[in-house]
Amino acid sequence: MLHLNINSEGADLTESLNGEEIIWKVLILDNKSTSIVSSVLRVNDLLRCGITMHTLINSQRSPMPDVPVIYFVEPTTENISRITEDLKSDKYSSFYINFTSTLSRDLLEELAKAVAITGKSSKVMQVFDQYLNYVVTEPGLFSLDVQHVYSRFNSARASEEEINNLAEEVANGLFDAIITMGDVPIIRCQTGGPAQLVAEKLDQRLRDYVITTKTTSSGDYSQRFVLILLDRNIDLAAMFSHSWIYQCLVADVFKLERNTITIEEEENGKPVKKQYDLDPKDFFWAKNSQLPFPDAVDNADNELNAYKERAAELTRSNGVQNLSDLDGKKDDTLQQAVSALPELTARKAVIDMHMNVLLALLNQLKAKGLDSFFEIEQSLNDPKSRTTFLNVLEDDGNVTNLEDKLRTFMVMYLTTDLPADFVSRVERAFAKHETFDSSALNYVKKVKESLRMRDQVVMSSYANSSTATPQANSGALFSNLTSKLNSLTDGKLTEGLGSIVSQVKRLIPEKKSMPITKIVETLMDPSTATEESLKVTDDYLYFDPKVIRGSHSRQPKRQSYLESVVFVVGGGNYLEYQNLQEWASQSAAQGNSKTVVYGSDEVYSPSKFLDEMSLLG
């Protein structure tokens, strides 16, 4: 699209054009397409594609009559009107029109009529449906950027028409994602909830697509991917859980949206907002985002030491005092060193950025005492964890972590049967904080009985993970780690940090599969699943859009798949995403290669999902 829809399959838009002639263009976006583009490309990337300027369609724009324009906008009447107004006033030399999703027949006719009235149809070079109505932040993670799906589906005030329209909106976004993947999947979904409603609408849309495009049916089901549609209520506790995974912590403690980390701090008594972009070539994030944060801290130290060694080697071998002295040198013997400078400098910038994030992160972890909540959630069935929680709730005197306390209690409430007197005592403790909104708990209590009836495979995941015994004094070690990191000077980690990190690692529990991961494993590889798990997934509906009639009425086959897309209706989170990727990596290491893409209508932080629940409480 950015190259005027010339086929460039496999091209990396973040690379230079290697001397190819650049056609300079203007890119016009709306709010939705801005989200889509900004999650994967930065300004420099757009420049490499010949985008000399990008702006919003509803902004005041000066005419550029000698420059072609690319529109990438939602298919709406308002956008079509603005495009034709630009055409009428000769604002650009030629028009390349791209819509984020399918342009309906009515809107297509409206566009054609409006263009014909201008008498300048020769300037319209292309009109494309791009099927890109979703936001990708990583190769295995996407969202539809549809707001408040959970509360809208579960609201008692929602009408049947509103629910159907919402399901249609989610199905349309999923359809775009599937078309981009280039194949029509087998669909498996839970019964009796929003996931089934979305699956039925998506199945019909894909059947129409198969008929229209004459897509042939493949007899080898293992070569097709499976789309697994699940309701958020299958594991509500996952939305509130505390995690020590680097990416999960960043999204929890700070703000992680569209591959930008936003940190709000105080400097000299004034609030300061800092933003860090996660570039597609961020080597540190690629290697460490899925690791526990002590490992990330350890690796940051290793990367810094490796940089120092490489810099010292370059300066020593070329007889200069520091790297800056190499800049501008023309001697042939220095050319290799000079050519290494940009990469080395960029690598140092990435390391410094993540050290800043780690330091800010650990300061927040210490201030809120998040290690206590993590530890409690790893020992849910241990009665001692309740005593520990009450001590933290009632006696720590910390009001900055009330939300974290509520989250941990909700995890306990949803995954175990708590004594009534314990629940009452906790509720009284929260009631003392009159300005704190704990209304989300009201909704959790309403749905607890319905969640009690959910699949046993889900509950067993928490039961099996609730026997962890702390092996060290986490508070002391956590404090020690933080104090070490607080001694950062100019982005450098102090010596001796490794021993502290190794002690903290003892608190990290053994890797385990979350409920959704167990379900995905059972559906993708039934030969290794337990009978208990198979009984659950055998009840999931089966749709094959390539079979024109009645596939959902047949008994589903226990079929193995190499690839899957797991989509949660009602909100996703980074913890489930990382758990699925971990399982896929473990499978590959065992010679059983699996690829899993995780998606949802919106990827939530725990805090944001609490706000969502408050709408229902």
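For the structure given in this document, a descriptive report is provided here.

Criteria and cut-off values
Throughout, residues of each chain are indexed from 1 in the direction in which the sequence is written. Only residues with pLDDT of at least 70 get local features here, since the model is predicted, and only at 80 or more are side-chain atom pairs given and counted; chain-wide, interface and lining totals rely on the full set of residues. Calculated side-chain values reflect all of the structure's heavy atoms, with hydrogen atoms and water omitted. Secondary structure elements follow DSSP: runs of H or I of four or more residues count as helices, runs of E of two or more count as strands, with numbering from the N terminus. Each residue gets one of three labels from its accessible area relative to the maximum for its type: buried under 20%, exposed over 50%, partly exposed in between, using a 1.4 Å probe on protein chains only. Contacts: residue pairs with any heavy atoms within 4.5 Å of one another. Per-residue and other accessible areas were derived by the Shrake-Rupley procedure at a 1.4 Å probe size, with only the shown protein chains allowed to occlude residues. Any two strands with at least two DSSP bridges between them are considered paired. A crossover counts as right-handed when, viewed with the strands pointing away from the observer, the path leading from the first strand over the helix to the second turns clockwise. Think of a nonpolar core as a cluster: buried Ala, Val, Leu, Ile, Met, Phe, Trp, Tyr and Cys residues, connected wherever their side-chain atoms sit within 4.5 Å. Put simply, a salt bridge is a Lys or Arg side-chain nitrogen that is within 4 Å of an Asp or Glu carboxyl oxygen. Note on method: axes are straight lines fitted to C-alpha atoms, helices fitted across the in-contact stretch only, with angles between N-to-C directions ranging 0 to 180 degrees. Orientation labels follow simple angle bins: below 35 degrees gives roughly parallel, above 145 gives roughly antiparallel, 65 to 115 gives roughly perpendicular, and whatever is left gives oblique. Each residue is assigned to one class: nonpolar for Ala, Val, Leu, Ile, Met, Phe, Trp, Tyr, Cys and Pro, charged for Asp, Glu, Lys and Arg, and polar for all the others, Gly among them. Between 30 and 60 degrees the pair is tilted, below 30 it is stacked and above 60 it is edge-to-face, where a pair is any two Phe, Tyr or Trp rings, Trp via its six-membered ring, whose centres lie within 6.5 Å. Each patch is built from salt-bridge-free residues with over 30% relative accessible area, joining like charges within 9 Å and nonpolar side chains (Val, Leu, Ile, Met, Phe, Trp, Tyr) within 5 Å. A helix is expected to reach a length of 1.5 Å times the quantity of its residues less one. Throughout this description, a polar contact denotes any pair of N or O atoms lying within 3.5 Å of each other; where both atoms belong to protein, one of them has to be capable of donating a hydrogen while the other can accept it, and for residues adjacent in sequence the pair is counted only when both atoms sit in side chains. Each crossing gets its hand from how the near helix is turned against the far one by less than a right angle, where anticlockwise is left-handed and clockwise is right-handed.

## Some words on the overall build of the protein
Summing up its helical and strand segments, the protein has 23 helices and 15 strands in all. A buried classification covers 51% of the 617 residues belonging to the protein. Residue pairs at least 24 apart in sequence account for 80% of intrachain contacts in the protein once pairs closer than 6 positions are excluded. Here the protein displays about 28800 Å² of accessible surface, and carbon together with sulfur accounts for 48% of that area.

## Points about the pairing of strand 15 (residues 595–600)
Burial of strand 15 is extensive: 5 of the 6 residues sit out of reach of the surface. In this structure, strand 7 (residues 141–143) lies alongside strand 15, joined through 3 bridges in parallel fashion. Along strand 15, the bridge assignment pairs Phe142 with Gly599. Here strand 14 (residues 563–569) runs beside strand 15; their pairing, made up of 6 bridges, is parallel. Opposite Phe567, over in strand 15, you have Gly599 as the bridge partner. Viewed along the sheet, the connection from strand 14 through helix 22 (residues 574–589) into strand 15 turns out right-handed.

## What to know about the nonpolar core
Core analysis: the biggest nonpolar cluster contains 68 residues, and Tyr246, Ile261 and Val566 have the highest contact counts within it. Among the elements that make up this core, the one with the highest residue count is helix 11 (residues 335–368) (11 residues). Look past the residues within four positions of Tyr246 in its chain and what remains in contact with it is Phe284, Trp285, Asn288, Ser289, Leu291, Phe293, Ala296, His354, Val357, Leu358 and Leu361. Membership of the second largest hydrophobic core comes to 35 residues, among which are Val423, Phe430, Ala440 and Phe609.

## A short note on the environment of Phe128
Counting through the fold element by element, Phe128 comes out in strand 5 (residues 124–129). For Phe128, a relative accessible area of 33% gives the class partly exposed. For Phe128 and Tyr71, which are 57 residues apart along the polypeptide, the C-alpha to C-alpha distance reads 10.0 Å. Setting aside chain neighbours within four positions, we find Phe128 in contact with Asn5, Ile97, Asn98 and Phe99.

## Details of the pattern of salt bridges
All chains considered together, the criterion is met by 26 salt bridges. Among the salt bridges present, the one from Arg48 reaches Asp45, with a minimum N-O distance of 2.8 Å. Of this pair, Arg48 and Asp45 are both found in helix 2 (residues 43–48), 3 residues apart, which corresponds to roughly one turn of the helix. The exposure class of Asp45 is buried, given its relative accessible area of 4%.

## Details of the packing of helix 12 (residues 370–377) against helix 14 (residues 402–415)
Running from N to C, helix 12 and helix 14 point in directions that differ by 0°, and their axes come no closer than 10 Å. As the angle between them shows, helix 12 and helix 14 are arranged roughly parallel. Residues Leu370, Phe373, Ile376 and Glu377 of helix 12 form the contact with helix 14, whose participating residues are Asp404, Lys405, Thr408, Val411 and Met412. Broken down by class, the residue content of the contact of helix 12 with helix 14 amounts to 5 nonpolar, 1 polar and 3 charged.

## Here we look at the sheet that holds strand 4 (residues 95–99)
One open sheet holds the 5 strands; their spatial order is 2-1-3-4-5, and the pairing between them is parallel. With partners counted over all chains shown, the strands left at the sheet margins are strand 2 (51–56) and strand 5, one partner each. Along the sheet, successive strands turn relative to each other by an average axial angle of 15°, direction set aside. In the packing of helix 1 (residues 31–38) onto the sheet, contacts are made with strand 1 (25–29), strand 2 and strand 3 (69–73), and the angle to strand 3 comes to roughly 100°.

## Considerations on the packing of aromatic side chains
On inspection of all chains with the given rule, the structure shows 20 aromatic pairs. Arranged with centres 5.9 Å apart and planes meeting at 15°, the rings of Tyr71 and Phe95 form a pair that is stacked. Placement of Tyr71 in strand 3 and of Phe95 in strand 4 is noted, with a sequence separation of 24 residues between them. What makes Phe95 buried here is its relative accessible area of 0%. In this structure an aromatic cluster arises from ring pairing among Tyr150, Phe240, Tyr443, Tyr604 and Phe609.

## Remarks on a nonpolar patch on the surface
A surface patch of nonpolar side chains, about 340 Å² in accessible area, is lined by Ile22, Trp24, Val43 and Leu47. With respect to the helices, strands and loops of the structure, Trp24 is situated in the segment before strand 1.

## What to know about helix 22
Taking 1.5 Å per residue as the helical rise, helix 22 with its 16 residues ought to reach 22 Å, and the 22 Å between its terminal C-alpha atoms agrees with that figure. For helix 22, the set of buried residues is Tyr574, Leu575, Glu576, Tyr577, Gln578, Asn579, Leu580, Trp583, Ala584 and Ser587. Capping the start of helix 22, Asn573 holds a side-chain oxygen 3.1 Å from the backbone nitrogen of Leu575, two or three residues further along. Just past helix 22, the residue Gly591 takes up positive phi, approximately 80°.

## Some points on unusual backbone geometry
The phi angle of most residues is negative, glycine excepted, and most peptide bonds adopt the trans form. Despite not being glycine, Leu4 shows a phi value in the positive range, around 60°. Topologically, Leu4 is positioned in the segment before strand 1. A positive phi angle is found at Arg258, which is not glycine, with a value near 50°. Relative to the elements of secondary structure, Arg258 occurs in the loop between strand 10 (255–257) and strand 11 (260–267). Judged by relative accessible area, which is 37%, Arg258 ranks as partly exposed.

## Side note on the sheet that holds strand 11
Read across the sheet, 3 strands follow the order 10-11-12 without closing on themselves; strand pairing throughout is antiparallel. If you trace the sheet from one side to the other, it starts and ends with strand 10 and strand 12 (270–277), each paired once. Strand-to-strand twist in this sheet, taken as the mean axis angle between neighbours without regard to direction, amounts to 25°. As judged from the 3 bridges shared by strand 10 and strand 11, these two strands associate in the antiparallel manner. When the bridges of strand 11 are listed, Leu256 appears paired with Ile261.

## Some thoughts on the pairing of strand 9 (residues 226–231)
Burial analysis of strand 9 places 6 of its 6 residues in the buried class, the great majority of the element. Because side chains alternate across strand 9, one face comprises the buried residues Val226, Ile228 and Leu230, and the other comprises Leu227, Leu229 and Asp231, equally buried. Looking at chain direction, strand 8 (residues 186–189) and strand 9 are connected through 4 bridges and run parallel. Paired with Ile187 across the bridge in strand 9 is Leu227.

## Brief notes about the environment of Leu304
As for its placement among the helices and strands, Leu304 is situated in helix 10 (residues 293–318). By relative accessible area, Leu304 is classed as buried at 2%. Taking the C-alpha atoms as reference points, Leu304 and Lys348, 44 residues apart in sequence, are found 7.6 Å from one another.

## A look at the packing of helix 12 against helix 13 (residues 383–395)
Here helix 12 crosses helix 13 at 160°, and the two axes come no closer than 10 Å. The angle between helix 12 and helix 13 falls in the class roughly antiparallel. Read as a crossing pair, helix 12 and helix 13 show a hand that is left-handed. On the side of helix 12, the interface is formed by Ser372, Phe373 and Ile376, while helix 13 contributes Ser385, Thr388, Phe389 and Val392. Here the residues of the contact of helix 12 with helix 13 sort into 4 nonpolar, 3 polar and no charged.

Everything listed here is a matter of coordinates, which is why it stays silent on function.
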